[in-house]
Amino acid sequence: MPAAAGSADPDPLITGVQDWQRYLGDGVDKRPYGLPSKFEKHIVRRDVGWLTASAESSVNFTPLHELDGIITPSGLCFERHHSGVAEIDPGSHRLMINGLVDRPLVFTMDDIKRMPRVNKLYFLECAANSGMEWRGAQLNGCQFTHGMIHNVMYTGVSLKVLLDEAGLRPNAKWLMLEGADAAGMNRSLPLEKALNDVLIAFAMNGEALRPEQGYPLRAVIPGWEGNLWVKWLRRIEAGDQPWQTREETSKYTDLLADGRSRKHTFIMDAKSVVTNPSPQAPLKYKGRNVLSGLAWSGRGSIKRVDVSLDGGRNWQTARIDGPVLDKSLARFYVDFDWSGQEMMVQSRAMDSTGYVQPSKDELRKVRGVNSIYHNNGIQTWLVRSGGETENVEIG
Ligand code: MTE
Ligand code: CO
């Protein structure tokens, strides 16, 4: 509870004059590009050293427990690259459309920026998000268990507009998207999706894409696994079948218990996580508290989020606040009083198709534990009586 003003024991932060009141602050010439306060320095993307052999083919994670609302600040969007960040001069960047088209074309960035634009807010989730958690609780923090996700406002051109310009041949059924990074990462995309809602984006959150996010051009594939969102996009080839690239055969396929593999599991199913409290954000106070979290679905919008404080025995419907958009993060809250009891905190999302996020056991019945990808099971945080919070699993 807030302290009563005018108490017998005066607070020097109220009665005294502080340094920042005594001296002039920085002038408008000191910060041509603004950065967060120095007191927020610890809020950064973090990686997990032992996860990958090199930093160039690796991932760092969005600090979800330090964010609010639904927009991910550009500088905190997790990064996943196969061969590091390509630093591309936009004047030298080209996008070629070739293959089964009437007019193979090469676009400059200026060509693309003279085509009709759209603005859309979408989440990007790596298929490997929560991938370390299949065999049990592993990483201590929602940054690491769920932080391969970001939610960004994109500006770009509808891929359909670009394809219309090139003129697709009737036998075109698939596209191959290829990046200009050292990996030349490429992936096959069914034409039906490409013509539906895919964007070729050059801006995020109102300014040019960050180098880490694919500057100057990336694919935006709403609701589908992050690997398809090719960064540093340099080529789109039209063909009549998938290319069977590395990223859709040896990687990004889902190994089942019987040894078979699911492939082309493009869509990210509904999922949610409580970001506060969580292991990096323990409860500090008894009494009034705000539980907060994020929910999303690659199949549509979030209809409802239920929260349990007792490991799934009782559920209450959380309050969703802020815009609820298609294939975007939604922010939920439960305002509650904590008396210091141990809690097992969970959240369960339901999307506009009626799909309900499964428990980890339900998921394992269908998927086994051999997979890395598409783990959307319900997360449990154990909040101890002192407020410390841990990643746990209950049967
Ligand atoms: N595109 C290229 N060219 N190279 C890459 O390594 N990584 C993919 C995808 N696009 C990748 C890429 C993967 S696996 C994911 S999850 C997303 O980009 C990550 O996007 P982000 O770095 O903006 O978070
Ligand atoms: Co990925």
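All of these numbers come straight from a predicted model, not from anything done at the bench. (Residues numbered from 1 in each chain as written. Chains lettered and ligands numbered in written order. Predicted model: local features only at pLDDT ≥ 70, side-chain atom pairs only at ≥ 80, totals over all residues. Heavy atoms only, no water.)

Draft legend 1. Looking closely at the overall build of the chain. Across its full length, the chain holds 7 helices and 23 strands. Expressed as lengths along the three principal axes of its C-alpha atoms, the size of the chain is roughly 85 × 60 × 40 Å. Considering only residue pairs separated by 6 or more positions, the chain has 71% of its internal contacts joining residues 24 or more positions apart. A total of about 18900 Å² of accessible surface is found on the chain, and carbon and sulfur atoms cover 52% of it. (Helix = DSSP H or I, 4+ residues; strand = E, 2+ residues; numbered from the N terminus. Contact = heavy atoms within 4.5 Å. Areas by Shrake-Rupley, 256 points an atom, 1.4 Å probe, with all protein chains shown as cover.)

Draft legend 2. Just the site of ligand 1, in detail. Neighbouring ligand 1 are 21 residues; Phe78, His82, Asp181, Arg218 and Lys231 lie closest to it. A distance of 2.7 Å separates an oxygen atom of ligand 1 from a polar backbone atom of Phe78. Between ligand 1 and the protein, one listed contact pairs an oxygen atom with a side-chain N or O atom of His82 at 2.6 Å. Coverage of ligand 1 by the protein chains reaches 100% of its 530 Å² of free accessible surface. (Near = heavy atom within 4 Å. Polar contact = N/O pair within 3.5 Å; in protein donor to acceptor, adjacent residues only side chain to side chain.)

Draft legend 3. The arrangement of empty space enclosed by the protein in detail. With the rule as written, the count across this model stands at 2 cavities of 30 Å³ or more. There is about 240 Å³ of room inside the largest cavity. Surrounding the largest cavity, 19 residues form its lining, Arg80, Arg218, Gly226, Trp229 and Lys231 being those nearest its centre. Residues that form the lining of the largest cavity fall into these classes: 8 nonpolar, 6 polar and 5 charged. Estimates place the volume of the second largest cavity at around 40 Å³. (1 Å grid on protein atoms, 1.4 Å probe; cavity = no way out; pocket = protein on both sides within 12 Å on 5 of 7 lines; lining within 4 Å. Points joined across faces, edges and corners; volume = space filled by probe spheres on them. Nonpolar A, V, L, I, M, F, W, Y, C, P; charged D, E, K, R; others polar.)

Draft legend 4. Broad picture of the UniProt feature "domain: Moybdenum cofactor oxidoreductase dimerisation" (unreviewed entry) in the chain. The UniProt record annotates "domain: Moybdenum cofactor oxidoreductase dimerisation" (unreviewed entry) at residues 265-379. From the first C-alpha to the last, residues 265-379 spans 22 Å; its make-up is 7% helix and 39% strand. (UniProt positions renumbered as here; feature names shortened; annotations may be inferred.)

Draft legend 5. Broad picture of the domain arrangement of the chain. The domains assigned to the chain are domain 1 (79-260) and domain 2 (271-392). Using C-alpha coordinates to define each centre, domain 1 is positioned 28 Å away from domain 2. If you look at the interface, domain 1 gives 36 residues, while domain 2 gives 34 residues. The contact between domain 1 and domain 2 buries some 3000 Å² in all, and 56% of this surface belongs to carbon and sulfur atoms. Joining domain 1 to domain 2, the criterion identifies 1 salt bridge. Residues Glu125 and Lys271 are paired through a salt bridge, measuring 2.8 Å at the closest nitrogen-oxygen approach. Mapped onto the side of domain 1 that touches domain 2, the elements with two or more residues apiece are β5 (118-125), α4 (142-146), β6 (149-158) and β13 (254-255). Per element, the largest residue contribution to the side of domain 1 that touches domain 2 is 5 residues, and it comes from α4. Considered class by class, the residues forming the side of domain 1 that touches domain 2 number 16 nonpolar, 13 polar and 7 charged. (Domains from an automatic or database assignment. Buried area = accessible area lost by both parts, 1.4 Å probe. Salt bridge = Lys/Arg side-chain N within 4 Å of Asp/Glu carboxyl O.)

Draft legend 6. How the structure looks around the sheet that holds strand β4 (residues 105-108). Strand order in the open sheet formed by 5 strands is β4-β3-β12-β7-β8, and the pairing between neighbours is mixed. The open sheet has two edge strands with one neighbour each: β4 and β8 (186-190). Strand-to-strand twist across the sheet, computed as the mean angle between neighbouring axes with direction ignored, equals 20°. Across 4 bridges, strand β3 (residues 94-99) lies against β4 in antiparallel orientation. If you follow Met96 over to β4, its bridge partner there is Val106. (Pairing = 2+ DSSP bridges. Axes fitted to C-alpha atoms, helices over the stretch in contact; angles between N-to-C directions.)

Draft legend 7. The nonpolar core, seen in detail. With 57 residues, the main nonpolar core has Leu95, Leu159, Leu162, Leu175, Leu177, Ile221 and Ile236 as its most contacted residues. Apart from residues lying up to four places away in sequence, Ile221 is in contact with Leu177, Leu189, Lys193, Val198, Leu228 and Trp229. Among the nonpolar cores identified, the runner-up in size contains 29 residues, and Leu291, Trp296, Ala318 and Val334 belong to it. (Core = buried A, V, L, I, M, F, W, Y, C linked by side-chain atoms within 4.5 Å. Buried < 20%, exposed > 50% of the residue type's maximum accessible area, 1.4 Å probe, protein only.)

Draft legend 8. Up close: the packing of aromatic side chains. All chains considered together, the criterion is met by 5 aromatic pairs. Aromatic side chains Phe123 and Trp296 sit 6.5 Å apart centroid to centroid with 55° between the ring planes, which places their arrangement in the tilted category. Of the two residues, Phe123 is situated in strand β5 and Trp296 in strand β16 (residues 287-296); the sequence distance between them amounts to 173 residues. Each member of the pair, Phe123 as well as Trp296, carries the same accessibility label: buried. Over the aromatic face of Trp315 sits the side chain of Arg348, whose NZ or CZ is 4.1 Å from the ring centroid. (Phe/Tyr/Trp six-rings, centres within 6.5 Å; stacked < 30°, edge-to-face > 60°. Lys NZ or Arg CZ within 6 Å of the ring centre and 35° of its normal.)

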